[in-house]
Amino acid sequence: MKDKRLLRINCFILALTIALSITALLLDIEQIGFAGVAIGGLLAFFYFLTLSILISRAFAGAGEEGLDGKVAGRLGLKLLLLTFALAIVTIIVILTRLCQPFGFLIGFSALFGSIALETMAYLAFSKPQEEAGTKPADEN
C-alpha cells in the first residue's frame, strides 16, 4: 500500500480505537463495555486495511484506460465477499453476546472518525494545487 493517506487513516483508526476503548474502560458503563468498543474498532481496522490493500493492488497496474473488465469483475466480487464477511462477523459478535451492540457501534465509528480526521488534516495542511500553465485571474 503506497498511498500515505490510506496508511494514516489506518493509524487513525487504531489510535481512535485505543482512545475510545480506554474511555469506555474508565467510564465503565454496562451498555457500552470495553470489549464492544475494542472489538468494533479492531474489526473496522481490519476491514479498512483489507479494503485499502485490495483497492491499491487493483489500481496499481491500471493505466489511462482504467481496469480491464475481468479485473474489475474480480475486484467487485472480492469487495462483495469482504462486505459479506464483515456483516457475518458483526452478526456473530452481536448474537453471541460477545459484546454490547452500542459499544460495538462506538468502536466501529473509529473508521468514520479517522476518515474525517484525515480529511480535515488534508484540507488544513495541504498546499494549494494550481493548474499547470494557468495564471491567476488578476495577472490576465
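Rules of the game
- Residues numbered from 1 in each chain as written.
- Predicted model: local features only at pLDDT ≥ 70, side-chain atom pairs only at ≥ 80, totals over all residues.
- Heavy atoms only, no water.
- Helix = DSSP H or I, 4+ residues; strand = E, 2+ residues; numbered from the N terminus.
- Contact = heavy atoms within 4.5 Å.
- Phe/Tyr/Trp six-rings, centres within 6.5 Å; stacked < 30°, edge-to-face > 60°.
- Buried < 20%, exposed > 50% of the residue type's maximum accessible area, 1.4 Å probe, protein only.
- Lys NZ or Arg CZ within 6 Å of the ring centre and 35° of its normal.
- Axes fitted to C-alpha atoms, helices over the stretch in contact; angles between N-to-C directions.
- Parallel < 35°, antiparallel > 145°, perpendicular 65-115°, else oblique.
- Nonpolar A, V, L, I, M, F, W, Y, C, P; charged D, E, K, R; others polar.

A.B. asks: Lay out the overall build of the chain with the relevant residues and their values.
C.D. replies: Along the backbone of the chain there are 4 helices and 0 strands. For the chain, the succession of helices and strands along the chain, N to C, is α-α-α-α. Taking the contacts inside the chain whose residues are at least 6 apart along the sequence as the reference set, 77% of them involve residues at least 24 apart.

A.B. asks: Residue-level account of the packing of aromatic side chains, with values.
C.D. replies: Geometrically, a pair of aromatic rings is defined through the distance of the ring centres and the angle of the planes. Applying the stated criterion across every chain yields a total of 3 aromatic pairs. Ring centres of Phe 45 and Phe 46 lie 5.3 Å apart, and the angle between their planes is 65 degrees; this geometry places the pair in the edge-to-face category. With centroids separated by 6.2 Å and ring planes inclined at 65 degrees, the aromatic side chains of Phe 108 and Phe 112 adopt a geometry described as edge-to-face. Of this pair, Phe 108 and Phe 112 both sit in helix α4 (residues 101-125), 4 residues apart, roughly one helical turn. According to the relative accessible area criterion, Phe 108 is buried, its value standing at 15%. Among the aromatic residues, those joined into a cluster by ring pairs are Phe 104, Phe 108 and Phe 112. The side chain of Arg 5 reaches across the aromatic face of Tyr 122, ending 5.3 Å from its centre.

A.B. asks: Which residues make up the environment of Lys 78, and what values do they have?
C.D. replies: Structurally, the position occupied by Lys 78 is in helix α3 (residues 69-95). Residues Lys 78 and Leu 54, spaced 24 residues apart in sequence, show a C-alpha to C-alpha distance of 8.1 Å.

A.B. asks: How would you summarise the packing of helix α1 (residues 4-27) against helix α2 (residues 34-60) if you had to cite specific residues and measurements?
C.D. replies: The N-to-C vectors of α1 and α2 enclose an angle of 175 degrees; their axes lie 8 Å apart at closest approach. Classified by the angle their axes make, α1 and α2 are roughly antiparallel. Mapping the contact onto sequence places Leu 6, Ile 9, Asn 10, Ile 13, Leu 14, Thr 17, Leu 20, Ser 21, Ala 24 and Leu 25 in α1 and Phe 34, Val 37, Ala 38, Gly 41, Leu 42, Ala 44, Phe 45, Phe 48, Leu 49, Ser 52 and Ser 56 in α2. Tallied by class, residues from the contact of α1 with α2 come to 15 nonpolar, 6 polar and no charged.

A.B. asks: Go over the packing of α2 against α3, please, and point to the residues and values.
C.D. replies: Where α2 meets α3, the axes come as close as 11 Å, and the angle between the chain directions of the two elements is 175 degrees. Taken together, the axes of α2 and α3 are roughly antiparallel relative to one another. Here Ile 39, Leu 43, Tyr 47, Thr 50, Leu 51, Leu 54, Ile 55, Ala 58 and Phe 59 of α2 come into contact with α3, specifically with Leu 75, Lys 78, Leu 79, Leu 82, Thr 83, Leu 86, Val 89, Thr 90 and Val 93. Looking at the contact of α2 with α3 residue by residue, the classes come out as 14 nonpolar, 3 polar and 1 charged.

From the geometry alone we can't say anything about function, so treat these as descriptive.
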